[in-house]
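What the coordinates show
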Amino acid sequence: QVQLVESGGGLVQAGGSLRLSCAASGLTFSIYIMGWFRQAPGKEREFVATISRSGDSTIYADSVKGRFTISRDNAKNTVYLQMNSLKPEDTAVYYCAAAQTGRRVELRRDEYPYWGQGTQVTVSS
């Protein structure tokens with residue numbers, strides 16, 4: 001069965017950095033588009049970043065563009081999210097997700113059938 005396991009979350013001061021990892025198993029990782037989403041308390045789960053199957057195409061939400069970087073290592077079945085210059089408004093549970101659509105990348109939350117359990121990121125001011 002498909003499993004996505006996130007790690008790397010924690011508490012960090014504003015301006016700091018964190019690197020999230022998501023290890024995938026039970027699927028042929030290299031044929032899946034991967035994405036990161038986040039959900040803050042009382043808010044809907046929102047798109048953060050997505051990366052194509054080969055890693056050559058990425059898209060970011062405007063709120064994180066220039067600060068976050070998504071990458072993947074298909075040999076390790078792992079996708080990463082490097083988060084720099086963190087702000088208190090980045091505080092949320094971060095989820096990785098896997099999708100198989102006809103597109104190169106995927107922003108639409110509902111197109112992702114597989115999700116991890118989430119990892120908490122808290123940014124203090």
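Residues numbered from 1 in each chain as written. Predicted model: local features only at pLDDT ≥ 70, side-chain atom pairs only at ≥ 80, totals over all residues. Heavy atoms only, no water.

1. Here's the deal with the sheet that holds strand 7 (residues 68-73)
- Read from one edge of the open sheet, 4 strands run 1-3-8-7, paired in antiparallel fashion. Of all the strands in the sheet, just strand 1 (3-7) and strand 7 have a single pairing partner and so form its edges. Adjacent strand axes in the sheet meet at a mean angle of 15 degrees, parallel and antiparallel pairs treated alike. (Pairing = 2+ DSSP bridges. Helix = DSSP H or I, 4+ residues; strand = E, 2+ residues; numbered from the N terminus. Axes fitted to C-alpha atoms, helices over the stretch in contact; angles between N-to-C directions.)

2. Considering the state of the cysteines
- In the structure shown here, the tally under the stated rule is 1 disulfide.
- Disulfide pairing places Cys22 opposite Cys96 at an S-S distance of 1.9 Å. Measuring handedness by torsion sign, the sulfur bridge of Cys22 and Cys96 sits at about 45 degrees and is right-handed. Here Cys22, found in strand 3 (residues 18-25), pairs with Cys96, found in strand 9 (residues 92-99); they are 74 residues apart in sequence, far enough to count as distant. For the pair formed by Cys22 and Cys96, the shared burial category is buried. (Disulfide = S-S within 2.5 Å. Buried < 20%, exposed > 50% of the residue type's maximum accessible area, 1.4 Å probe, protein only.)

3. Brief notes about the packing of aromatic side chains
- The final tally for this structure, using the stated rule, is 6 aromatic pairs.
- Considering the side-chain rings of Phe37 and Tyr112, the 5.1 Å spacing of their centres and the 75 degrees angle between planes classify their relative orientation as edge-to-face. Pair noted here: Phe37 is in strand 4 (residues 33-39) and Tyr112 is in the loop between strand 9 and strand 10 (114-115), with a separation of 75 residues, a long-range link. Both residues of the pair, Phe37 and Tyr112, belong to the buried class. (Phe/Tyr/Trp six-rings, centres within 6.5 Å; stacked < 30°, edge-to-face > 60°.)

4. Topic: the nonpolar core
- Counting 36 residues, the largest nonpolar core has Trp36, Val79, Leu81, Met83 and Tyr94 as its most contacted members.
- Ranked by residues supplied to this core, first place goes to strand 9 with 6 residues.
- What Tyr94 contacts, discounting residues up to four positions off in sequence, is Glu6, Leu20, Trp36, Phe37, Arg38, Val48, Phe68, Leu81, Met83, Gly118, Thr119 and Val121. (Core = buried A, V, L, I, M, F, W, Y, C linked by side-chain atoms within 4.5 Å. Contact = heavy atoms within 4.5 Å.)

5. Looking at the environment of Tyr95
- For Tyr95, the position within the fold is in strand 9.
- Sequence separation between Tyr95 and Leu4 is 91 residues, and the spatial gap between their C-alpha atoms is 9.1 Å.

6. Concerning the environment of Pro113
- Positionally, Pro113 belongs in the loop between strand 9 and strand 10.
- Look at Pro113 and you get exposed, because its relative accessible area is 52%.
- With sequence-adjacent residues up to four places away left out, Pro113 is seen in contact with Ala98 and Ala99.

7. What about the environment of Ile51?
- Residue placement: Ile51 occurs in strand 5 (residues 46-51).
- For Ile51 and Val105, which are 54 residues apart along the polypeptide, the C-alpha to C-alpha distance reads 5.8 Å.
- With sequence-adjacent residues up to four places away left out, Ile51 is seen in contact with Ile33, Met34, Ser57, Thr58, Ile70, Ser71, Arg72, Val79 and Val105.

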